[in-house]
Amino acid sequence: MKLDVLLGLQWGDEGKGKIVDVLAPKYNVISRFQGGPNAGHTLEFSKIKHVLHTIPSGVFREETVNIIGNGVVIDPVIFKQEIEDLEELNVDLTRNLYISKRAHLILPSHRILDAASEKAKGKTKIGSTLKGIGPTYMDKTGRNGLRVGDVINPEFKEKYDFLTNKHKDLIKLYDFDYNLEEYEENWFKGIEIIKKFKLIESEHEINKYLNEEKLILAEGAQGTLLDIDFGSYPFVTSSNTICAGACTGLGVAPNKIGNVIGIFKAYCTRVGSGPFPTELENEEGETLRKQGHEFGATTGRPRRCGWLDLPALKYSVMLNGVTELMVTKADVLSGFDTIKVCTHYKLNGKEIDYLPFEINEPLEPVLKEFKGWKEDISKIDSFGNLPQEFKDYLLYIEEEVKVPIKLVSVGPNRDQTIFR
Ligand code: GDP
Ligand code: IMO
Ligand code: MG
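Below is a summary of the structure that appears in this document. (Residues numbered from 1 in each chain as written. Chains lettered and ligands numbered in written order. Predicted model: local features only at pLDDT ≥ 70, side-chain atom pairs only at ≥ 80, totals over all residues. Heavy atoms only, no water.)

Before going further, it helps to examine the overall build of the protein. Within the protein, the regular secondary structure consists of eleven helices and 20 strands. Over its C-alpha trace the protein gives a radius of gyration of 21 Å, about what one expects of a compact globule, namely 22 Å for 420 residues. When burial is assessed residue by residue, the protein has 59% of its 420 residues classed as buried. Within the protein, contacts between residues separated by at least 24 positions form 76% of all contacts whose residues are at least 6 apart in sequence. Accessible area for the protein stands at about 18100 Å²; split by element, carbon and sulfur atoms hold 50% of it. Taking the average place of the 54 positive charges on the side chains of the protein and the average place of its 62 negative ones, the gap between the two points comes to 1 Å. (Helix = DSSP H or I, 4+ residues; strand = E, 2+ residues; numbered from the N terminus. Rg over C-alpha atoms; globule rule 2.2 N^0.38 Å. Buried < 20%, exposed > 50% of the residue type's maximum accessible area, 1.4 Å probe, protein only. Contact = heavy atoms within 4.5 Å. Areas by Shrake-Rupley, 256 points an atom, 1.4 Å probe, with all protein chains shown as cover. Lys, Arg positive; Asp, Glu negative; His and termini not counted. Charge placed at Lys NZ, Arg CZ, Asp CG, Glu CD.)

Set out below in structure tokens:
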């Protein structure tokens, strides 16, 4: 059996959480493979609206096993909070949530380093979620990190102190006031919560499941354009968000990857700094933000909004080997007289049809216009009943990107989903 991968094709917040929750009943296992609590994945059903940060989006499906893979970074404080919030909804995960022993821990001092580094950058800041993601992955590649499997080591506290003291020396390089104590206390409480879960060697477990013909969906966080190698560097996150990240973040060989499901919004958003060629800093952008409730699920920051960017989408499809597309937030486009799509960019006066290395230089989008539609589509339940103007828009995207659109999401709720 092969493992399917679901990931975001833009700058994150494409609606991955919603779609994983919708698809979860088809799978035995849902597994996160990278990122950490910088992610905020929103699920809505039966009047419940819930945001997950570290925990995979299969948790509301009783039969599903959820695995936090080795590529993920975990903050025990946030993890503990997530567990408590789920307990309030009567979701007990001690039975069906497993955590890789190889996943790295975000220390309280990683958060401080993240904040100090951002402050020192001033105007050139990344716009990080300040969850300590960058410093934690730096310690992972620098071979200094602490891992989940270390928590049962009798010398865990010494290892913690050693790394924290090193961080304290580093923080002295910045002019930054901080207080670790309160967070630290909660952090160790979180470690005790982590110990209650089944800590596994997820690479063995996942490959065993595949050999048993079990169906696994790997859930990506962030989006392709935030990938550490291929995103709009340096305005990116610190992990490989692309499909290859599922191989390294779970211990699955490339020839074990099956379907690659690419999620994209019917327009674009970005939160944090960095280039965004189709950004609308006008009334249209404001309308998208308002109609789409575009505020970050993790930080509450307003998301920047713009038209769909085809060269960027094609780039993402190429990098991930996307086999099927799913489009979200289609309902948000209702009411616009015209809808625009970027087909090319102008870079230094020259027209190009690909996302270049020079993405940080001003790229002027060349836009193609489509006729909009007025009707509310949020209650439509079949592809055939969608407005012709919207179908034309989707058919154009499909033709350009050359990958079929298999699902259209017309609202945040589980039920507002059209399979094609
Ligand atoms: P993720 O990080 O990719 O899981 O996405 P987020 O949860 O951060 O952001 C997506 C937001 O859009 C959430 O508030 C979802 O509830 C909401 N959402 C998802 N799909 C749709 C949709 O089709 N229409 C509308 N209006 N909202 C949606
Ligand atoms: P989900 O999984 C949107 C952005 C931050 C910042 C940059 C680096 O919900 O789609 P980091 O905290 O990783 O150092 O931030 O990446 N970012 C996201 N934007 N959705 C996310 O996750 C994001 N995770 C990080 O805003 O610009
Ligand atoms: Mg999100």
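Here we take up the packing of aromatic side chains. Per the stated rule, a full pass over the model turns up twelve aromatic pairs. With centroids separated by 6.1 Å and ring planes inclined at 10°, the aromatic side chains of F156 and W187 adopt a geometry described as stacked. One end of the pair, F156, is in helix α5 (residues 156-171); the other, W187, is in helix α6 (residues 181-195), and 31 residues separate them in sequence. We note that F156, like W187, is buried. With a centroid separation of 4.8 Å and an interplanar angle of 70°, the aromatic rings of Y160 and F188 are classed as edge-to-face. Of this pair, Y160 sits in helix α5 while F188 sits in helix α6, and the two are 28 residues apart along the sequence. Here the aromatic cluster, defined as three or more aromatic residues joined through ring pairs, consists of F370, W373, F390, Y393 and Y396. Here the guanidinium or amino end of K208 rests over the ring plane of Y209, the centre of that ring lying 5.5 Å away. (Phe/Tyr/Trp six-rings, centres within 6.5 Å; stacked < 30°, edge-to-face > 60°. Lys NZ or Arg CZ within 6 Å of the ring centre and 35° of its normal.)

With that settled, the discussion passes to the site of ligand 1. Of all residues adjacent to ligand 1, which total 20 residues, the nearest are K16, G40, T42, D331 and S409. Between an oxygen atom of ligand 1 and a side-chain N or O atom of D13, the distance comes to 2.9 Å. Interatomic distance of 3.1 Å between a backbone N/O atom of G411 and an oxygen atom of ligand 1. Coverage of ligand 1 by the protein amounts to 94% of the 590 Å² it exposes when considered alone. A molecule is said to occupy a pocket when more than half its atoms come within 2 Å of that pocket's grid points, and by this definition ligand 1 occupies the second largest pocket. (Near = heavy atom within 4 Å. Polar contact = N/O pair within 3.5 Å; in protein donor to acceptor, adjacent residues only side chain to side chain. 1 Å grid on protein atoms, 1.4 Å probe; cavity = no way out; pocket = protein on both sides within 12 Å on 5 of 7 lines; lining within 4 Å. Sits in = over half its atoms within 2 Å of the grid points.)

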